[in-house]
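Below, each chain spelled out in residue letters.
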Amino acid sequence: MKIPDIELANISRFRGALMGIAMLIIILFHVDLARSDMFFGLRRMGNLGVDMFLFLSGIGLWFSWMKTPSYKHFYFRRLIRIYPAWLIIACLFYIPRIHVHDVSSLINLLGEIGFNWGFWLHDELNFWYIPAIMMLYLFAPPYMELIKRHPVYRWLPVVMIMWCILVEWVTPIHHAVGHIEIFWSRMPIFFIGINMGEMVRQKRTIDGQGVWMLIIMFVMTFASCFFLEQVRHGQFPLFVERMLYIPLTITFILLCNRVLRRTPQWINKSLAFVGSLSLECYLIHLHFVLDYLPKSWGYWLTFLVCVVITMPLAWVLSKIVNWISKTIEKLVA
């Protein structure tokens, strides 16, 4: 029996559901679990959701750029999508925590609210994904223009992987910028997503027999990451595992697509609903929900309650942000 071809267009077709899956496994990652638990390794691998977000975002940006190749339009759309939600959450989080008593503390407060500068200065991870994705968005249009004119530069993600090695083991570089390794090690998957954008847009396919290669790559990377986290957690540089996340992310998404083609519509729509609120869920779930749930509840109950509470709060935040965005659009029209 002939194996159906792997349709890359399904990455776009199921993008919302895939974002929903990514958000759910990130919440699973953030729920505390004892090191001795057999699920610990899988729970630690939940930060793969970040790589899924970045990969899918890269593909989405390519679609957007090909439709409207304008720097002004690109930056404006990204700004009104992220910044209003960020400002609301940053004010709610940082204002009660940073007491202004002199000029330096005021500058610190404004820096945290403005662009979460604590991440860039000393690796503050409260909301690290927001400054990281905004920095990646800043470089995305020049990169997309570069690879359109000179396709050979699609190999730049390999240079980024080489840079990660330098950041980890070349001492002067490590001392200078090693504290934001979490950012450097996520750059390659984002730009690989941009690279794949055109193949997805053109609805290219991969020979169905290639599914066996995908399964082999998925099993190898999944098993490696699980072993590293379950058995050797804390004994290796995290960037090594994040390099394994690159093939793991791509193969996981392609295999998920084959499953999502067959799942009931209500499941896909439910996942897509979570995916549509992924930014708001990310900003809310950890510091405004999980931090306040009793530690005695257990892993799965905590996860379920967190999702149930986070979703309506994320929906409300999205409505507020949409109203702000539309208001801004009218003012600048």
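In what follows, the structure referred to is the one given above.
Attention here is on the structure that accompanies the text. (Residues numbered from 1 in each chain as written. Predicted model: local features only at pLDDT ≥ 70, side-chain atom pairs only at ≥ 80, totals over all residues. Heavy atoms only, no water.)

### What about the overall build of the protein chain?
Applied cut-off: Secondary structure elements follow DSSP: runs of H or I of four or more residues count as helices, runs of E of two or more count as strands, with numbering from the N terminus. Buried means the residue's accessible area, taken with a 1.4 Å probe over protein chains only, is under 20% of the maximum for its type, while exposed means over 50%, and partly exposed covers the values in between. Here a residue-residue contact requires only that any non-hydrogen atoms of the pair lie within 4.5 Å. For the accessible areas, the method is Shrake-Rupley and the probe is 1.4 Å, while residue cover comes only from the protein chains on display. Counting rule applied: Lys, Arg positive; Asp, Glu negative; His and chain ends not counted. We put the charge of a Lys on NZ, of an Arg on CZ, of an Asp on CG and of a Glu on CD.
Helix and strand content of the protein chain: 17 helices and two strands. With the C-alpha coordinates aligned to their principal axes, the bounding extent of the protein chain is approximately 70 × 55 × 50 Å. For the protein chain, the residues scored as buried account for 50% of the 333 residues in total. For the protein chain, the proportion of contacts with a sequence separation of at least 24, taken over those separated by at least 6, is 79%. Approximately 16,600 Å² of the protein chain is accessible, and the part contributed by carbon and sulfur atoms is 70%. Side-chain charges in the protein chain split into 29 positive and 19 negative, and the spacing between the mean points of these groups amounts to 11 Å.

### Observations regarding the environment of Ile161
Assignment of secondary structure puts Ile161 in helix 9 (residues 156-169). As a C-alpha pair, Ile161 and Pro188 span 27 residues in sequence and 6.5 Å in three-dimensional space. Among all residues touching Ile161, those that are not within four sequence positions of it are Pro188, Met243 and Ile246.

### As for empty space enclosed by the protein
Threshold: Any residue with an atom within 4 Å of a point lines the site, the site being either a cavity, points on a 1 Å grid over the protein atoms alone where a 1.4 Å probe fits but cannot get out, or a pocket, an open set with protein on both sides within 12 Å along at least 5 of 7 lines. Grid points are joined across faces, edges and corners, and a volume is the space filled by probe spheres set on the points.
Taken as a whole and judged by the stated rule, the model has two cavities of 30 Å³ or more. Empty space within the largest cavity amounts to approximately 40 Å³. Forming the walls of the largest cavity are Ile6, Glu7, Asn10, Leu254, Asn257, Arg258 and Arg261. The set of elements that each furnish at least two residues to the lining of the largest cavity consists of strand 1 (6-7) and helix 14 (238-260). The element that contributes the greatest number of residues to the lining of the largest cavity is helix 14, accounting for three residues.

### Quick word on a nonpolar patch on the surface
We count it as follows: Without a salt bridge and with relative accessible area above 30%, a residue can belong to a patch; like charges are then joined within 9 Å and nonpolar side chains (Val, Leu, Ile, Met, Phe, Trp, Tyr) within 5 Å. One side-chain nitrogen of Lys or Arg within 4 Å of one carboxyl oxygen of Asp or Glu is enough to make a salt bridge.
Taken together, the side chains of Val152, Tyr153, Trp155, Val158, Val159 and Met162 present a nonpolar region at the surface, about 630 Å² in accessible area. With respect to the helices, strands and loops of the structure, Tyr153 is situated in the loop between helix 8 (129-149) and helix 9.

### A few points about the environment of Ser36
Within the secondary structure layout, Ser36 lies in the loop between helix 2 (15-30) and helix 3 (40-44). Judged by relative accessible area, Ser36 falls into the exposed class, the value being 68%. With 194 residues separating them in the primary sequence, Ser36 and Gln230 have C-alpha atoms 8.6 Å apart.

### Digging into the pattern of salt bridges
One pass over the full model with this rule turns up nine salt bridges. Across the pair Lys295 and Asp32 runs a salt bridge, and its minimum N-O distance is 3.5 Å. You can see Lys295 sitting in the loop between helix 16 (278-285) and helix 17 (299-332) and its partner Asp32 sitting in the loop between helix 2 and helix 3, a full 263 residues away along the chain. Across the pair, exposure class does not vary: Lys295 and Asp32 are exposed alike. Overlapping salt bridges, with partners in common, bring together Glu145, Lys148 and Arg149 in one network.

### Notes on the layout of surface pockets
With a probe scaled to a water molecule rolled over the atoms, the places where space remains empty come into view. Cut-off, in case you're wondering: Ten residue types, Ala, Val, Leu, Ile, Met, Phe, Trp, Tyr, Cys and Pro, are classed as nonpolar, four, Asp, Glu, Lys and Arg, as charged, and the remainder, Gly among them, as polar.
The space that makes up the largest pocket amounts to roughly 770 Å³. Along its surface, the largest pocket is lined by 31 residues, and Arg81, Ile82, Tyr137, Ser276 and Leu279 are the ones closest to its centre. Of all the secondary structure elements, the ones that give two or more residues to the lining of the largest pocket are helix 2, helix 4 (48-67), helix 5 (71-94), helix 8, helix 15 (265-276), helix 16 and helix 17. When residues of the lining of the largest pocket are assigned to their parent elements, the largest contribution, eight residues, is made by helix 17. Considering only residue class, the lining of the largest pocket consists of 13 nonpolar, ten polar and eight charged. Lining the second largest pocket are 20 residues; nearest its centre among them are Phe29, His30, Leu125, Trp128 and Ile182. Of all the elements in the fold, those that place two or more residues in the lining of the second largest pocket are helix 2, helix 11 (181-184) and helix 14. If you tally residues by element for the lining of the second largest pocket, the top one is helix 2, at three residues. For the lining of the second largest pocket, a count of residues per class yields nine nonpolar, six polar and five charged.

### So, the side chain of Glu145
Here Glu145 is to be found in helix 8. Residue classification places Glu145 among the buried residues on the basis of a relative accessible area of 15%. With sequence-adjacent residues up to four places away left out, Glu145 is seen in contact with Trp65 and Tyr71.

### What about the nonpolar core?
For the record, the criterion: The criterion is simple. A nonpolar core is a set of buried Ala, Val, Leu, Ile, Met, Phe, Trp, Tyr and Cys residues joined through side-chain atoms within 4.5 Å.
One finds Ile11, Phe55 and Phe190 to be the most contacted residues of the largest nonpolar core, which totals 106 residues. Each residue touching Phe55, except ones within four places of it in the same chain, is listed here: Ile11, Ile189, Ile192, Gly193, Met196, Thr249, Ile250 and Ile253.

### Here's the deal with the packing of aromatic side chains
The cut-off we apply is this: Ring pairs are drawn from Phe, Tyr and Trp, using the six-membered ring of Trp, whenever the two centres fall within 6.5 Å, and their geometry is named by plane angle: stacked under 30 degrees, edge-to-face over 60, tilted for the rest. Each ring is checked for a lysine NZ or an arginine CZ that lies within 6 Å of its centre and within 35 degrees of its normal; such an atom marks a charge sitting over the ring.
In total, this model carries 29 aromatic pairs according to the counting rule given. Pairing Trp120 with Phe183 gives two aromatic rings, centres 5.2 Å apart and planes at 80 degrees, and the pair type is edge-to-face. Highlighted residues: Trp120 in helix 7 (residues 117-122) and Phe183 in helix 11, separated in sequence by 63 residues. Three or more aromatic residues joined by ring pairs make a cluster, and in this case those are Phe53, Phe119, Trp120, Trp128, Tyr129, Trp163, Phe183, Trp184 and Tyr282. In this arrangement the basic side chain of Arg43 is found over the ring face of Phe29, its NZ or CZ atom lying 5.6 Å from the centre. Between the NZ or CZ atom of Arg154 and the centre of the ring of Trp62, over which it lies, the distance is 5.6 Å.

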